[in-house]
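# Results of the structural survey
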Amino acid sequence: GVYPERGSGAGAEAGARLWQELLKWNGWGYNDSKFIFNKKGQAEFTGKRYRLGGMVLPTFKEWIEKTFGASLEHKTTSRASLNVNDVPPPIVNEEFLQDLRATKISYSQDAEDRVFRAHGHCLHEIFVLREGMFKRIPDIVVWPVCHEDVVKIVELACKHNLCIIPFGGGTSVSSALECPEEEKRMIISLDTSQMNRILWIDEKNLTACVEAGIVGQDLEKQLAESGFCTGHEPDSMEFSSLGGWVATRASGMKKNIYGNIEDLVIHIKMVTPRGIVEKNCQVPRMSTGPDIHHFIMGSEGTLGVVTEVTIKIRPVPEYQKYGSVVFPNFERGVACLREVAKQRCAPASIRLVDNAQFQFGHALKPQVASIFTSFLDGLKKFYITKFKGFDPNILCVATLLFEGDREKVLQHEKQVYDIATKFGGLAAGEDNGQRGYMLTFVIAYLRDLGLDYYVIGESFETSVPWDRVLDLCRNVKERIVRECKEKGVQFAPLSTCPDKHWSKSSLLDQKPRSSAIILL
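What counts and how
Residues numbered from 1 in each chain as written. Predicted model: local features only at pLDDT ≥ 70, side-chain atom pairs only at ≥ 80, totals over all residues. Heavy atoms only, no water. UniProt positions renumbered as here; feature names shortened; annotations may be inferred. Helix = DSSP H or I, 4+ residues; strand = E, 2+ residues; numbered from the N terminus. Buried < 20%, exposed > 50% of the residue type's maximum accessible area, 1.4 Å probe, protein only. Contact = heavy atoms within 4.5 Å. Areas by Shrake-Rupley, 256 points an atom, 1.4 Å probe, with all protein chains shown as cover. 1 Å grid on protein atoms, 1.4 Å probe; cavity = no way out; pocket = protein on both sides within 12 Å on 5 of 7 lines; lining within 4 Å. Points joined across faces, edges and corners; volume = space filled by probe spheres on them. Nonpolar A, V, L, I, M, F, W, Y, C, P; charged D, E, K, R; others polar. Pairing = 2+ DSSP bridges. Axes fitted to C-alpha atoms, helices over the stretch in contact; angles between N-to-C directions. Polar contact = N/O pair within 3.5 Å; in protein donor to acceptor, adjacent residues only side chain to side chain. Parallel < 35°, antiparallel > 145°, perpendicular 65-115°, else oblique. Left-handed = near helix turned anticlockwise from the far one by under 90°. pLDDT = per-residue confidence, 0-100. Salt bridge = Lys/Arg side-chain N within 4 Å of Asp/Glu carboxyl O.

- The name that an unreviewed UniProt entry assigns to the protein chain is Alkylglycerone-phosphate synthase, with the source organism given as Catharus ustulatus.
- Within the UniProt record for the protein chain, the comment given under Function (unreviewed entry) is "Catalyzes the exchange of an acyl for a long-chain alkyl group and the formation of the ether bond in the biosynthesis of ether phospholipids."
- UniProt, in its Sequence similarities (unreviewed entry) section for the protein chain, records the words "Belongs to the FAD-binding oxidoreductase/transferase type 4 family."

Structure below.
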């Protein structure tokens, strides 16, 4: 993709707006990337930023109609652009503005800039955007370009008794960016996006000091130029910021070998109303405690503004290989993943999806490029379902990603596949593994398509002990089915995943008075 250069100094506002213009104002991701139904009625994914971009998905519409017994004739009327008349006027503190101008820090009170930073990506927040039902949003957006600018802004906010909401990439799913409706003081959205530099790289100690506003994809791109990476890859890494990872105690898809954000952080600098919080040294670990970092990580911006983070880095892996395994049922898959964890041989990423999500993923398969490819796919399906006796309505799939030294990766791969074989698993190929991994970044775009057709989608994530995985997956579905029955709504489960149970609830109106819920 094309990543715009972030501004600095007087260009901070322009740099932020350039990035802002690339993104949807009332949905997920890039403006040029979306699921649509073309003139032939087929689903396709637009743009060229993703592997699925520009491809027709011939079975997706049929899958929706079959799964829900619904047509896609009932489409909502969505807003193409923001109506500034819907936006509440800003509360203005003139003394603060006068002091802010003296600092030469860029700021804006434009409706578009304020709305863009008034929300995260919870369902109710996106619904408010689409319907224009704004009650309270930030009154001003400021763009510091360094730690010292943040210190000045916080000092001025304290002086004039104003509120600050730190803003990184705007991907929050905890309602952390929502403004309290009853707040009468001026609310500042402190946008850290222009604090996006790698300040230094220590190749000997494998650490890097980075400004907190840098977006994940830019961080990896810049580190790669020096031959390094962090390995931290949350689903939102294209848009979320390093400071946001710290503030939300983020986890990544490759945590098995790189760790979560708390395992990567060496040092944090944070500006608070009482001063700057930071350690007086940057050693990897101390035996004394409590560790101030653990108060900061997961604090969701309530304690202060994270400005700089020193993190562990690693050389870019020499070799990377995807893989996938098909299991006869979900229970076997869970048992295999538990054994992999028990033997401490998990690859960089391993994800198990149940049959509902397997069917869903298959529906997102692009048009076959050639007769030969179609023939091979048919052979694979025949081998699994007819020769091996797997029921296509029960089987489930695990996707794998191995990284590291080539020889060690191949040894590691053999170990994991040997374990999978003991639980009835069959290797299903690299391409399926890569496609499943990459779909993680695309799947978030489906909610916007759904909302156009009265489909409500939401997601939540949790962790669970191994002995409760199957119970959790079953109970979540049963609870939703029960709630739906009480409200006279149909239900079709879409997926449940162990380890990190990932689910999305969707509501599809077939007609004005009939609907169905899916659990993604």
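The structure having been displayed, the exposition proceeds.
## So, the overall build of the protein chain
- The helix and strand inventory of the protein chain stands at 18 helices and 22 strands.
- Residue burial in the protein chain is summarised as follows: out of 520 residues, 52% are buried.
- Relative to all contacts within the protein chain whose residues are 6 or more apart in sequence, the contacts with residues 24 or more apart total 75%.
- Looking at the protein chain as shown, the accessible area adds up to about 25100 Å², and 52% of this sits on carbon and sulfur atoms.

## Looking at the layout of surface pockets
- By volume, the second largest pocket is sized at about 620 Å³.
- Per element, the largest residue contribution to the lining of the second largest pocket is four residues, and it comes from helix H7 (residues 216–224).
- Among the residues making up the lining of the second largest pocket, the classes are represented as 15 nonpolar, five polar and eight charged.

## Overview of the sheet that holds strand E5 (residues 140–143)
- Across the sheet, four strands lie side by side as E4-E5-E7-E6; this open sheet has mixed pairing. The sheet terminates laterally at strand E4 (106–108) and strand E6 (163–167), the two strands that pair on one side only. Recorded for the sheet is a direction-independent mean angle of 25 degrees between the axes of neighbouring strands.

## Some words on the UniProt feature "site: Important for enzyme activity" (unreviewed entry) in the protein chain
- Here, the residues flagged by UniProt with the feature "site: Important for enzyme activity" (unreviewed entry) are Arg-351.
- A residue is classified by how much of its surface remains accessible, and Arg-351, at 29% relative accessible area, is partly exposed.
- When neighbours within four sequence positions are excluded, Arg-351 is seen to be in contact with Asp-235, Met-253, Val-397, Ala-398, Thr-399 and Thr-440.
- A distance of 3.3 Å separates a polar atom in the side chain of Arg-351 from a polar atom in the side chain of Asp-235.

## Quick word on the side chain of Glu-125
- One can find Glu-125 in helix H5 (residues 123–131).
- A distance of 3.4 Å separates a polar atom in the side chain of Glu-125 from the backbone nitrogen of His-121.
- What Glu-125 contacts, discounting residues up to four positions off in sequence, is His-119, Gly-120, Ser-172, Ser-175 and Glu-178.

## Things to note about the packing of helix H12 (residues 330–342) against helix H18 (residues 469–486)
- At a minimum axis distance of 10 Å, the contact between H12 and H18 shows a crossing angle of 140 degrees. Regarding the angle of H12 to H18, the classification is oblique. For the crossing formed where H12 meets H18, the hand is right-handed. In this structure, H12 uses Phe-330, Glu-331 and Val-334 to contact H18, whose residues at the interface are Val-469, Leu-470 and Cys-473.
- Its residues assigned to classes, the contact of H12 with H18 comprises five nonpolar, no polar and one charged.

## Considering the confidence of the model for the protein chain
- Of all residues in the protein chain, 88% have pLDDT values of 70 or greater, and the mean over the chain is 87.
- Throughout residues 496–520 the model reports pLDDT below 50, and contacts reaching past four residues in sequence, or to other chains, amount to 122 contacts.

## What to know about the packing of helix H3 (residues 94–103) against helix H6 (residues 147–160)
- At a minimum axis distance of 10 Å, the contact between H3 and H6 shows a crossing angle of 160 degrees. As far as their axial angle goes, H6 and H3 are roughly antiparallel. Of the two possible hands of crossing, H3 and H6 adopt the one that is right-handed. Contacts from Glu-95, Phe-96, Asp-99, Leu-100 and Thr-103 in H3 reach Lys-152, Leu-156, Ala-157, Lys-159 and His-160 in H6.
- When the residues that make up the contact of H3 with H6 are grouped by side-chain class, the tally is four nonpolar, two polar and four charged.

## Observations regarding the pattern of salt bridges
- Following the criterion strictly, the structure yields 22 salt bridges and no others.
- Residue Arg-130 pairs with Asp-452 through a salt bridge whose shortest N-O separation is 2.8 Å. Taken together, the residues span a long stretch of sequence, with Arg-130 in helix H5 and Asp-452 in helix H17 (residues 446–452) at a distance of 322 residues. Here the two residues Arg-130 and Asp-452 agree in accessibility, since each one is buried.
- As a salt-bridge pair, Glu-308 and Lys-269 come within 3.5 Å of each other at their nearest N and O atoms. In this pair, Glu-308 is assigned in strand E13 (residues 305–312) and Lys-269 in strand E11 (residues 265–272), connecting sequence segments 39 residues apart.
- Taking the relative accessible area as the measure of exposure, Lys-269 reaches 15% and is therefore buried.
- Each of the salt bridges in this network shares a partner with another, and the network as a whole consists of Glu-13, Arg-17, Asp-110 and Asp-113.

## Some remarks on empty space enclosed by the protein
- In this structure the tally under the stated criterion is two cavities of 30 Å³ or more.
- Around the largest cavity, the lining comprises 14 residues; the ones closest to its centre are Leu-23, Lys-24, Phe-116, His-121 and Gly-169.
- Tallied by class, residues from the lining of the largest cavity come to six nonpolar, seven polar and one charged.
- Every residue lining the second largest cavity is counted, 14 residues in all, and those nearest its centre are Trp-19, Phe-116, Phe-167, Gly-168 and Ser-193.
- Considering each element in turn, the lining of the second largest cavity owes the most residues, three residues, to helix H1 (residues 12–22).
- Of the residues contributing to the lining of the second largest cavity, the split by class is six nonpolar, six polar and two charged.

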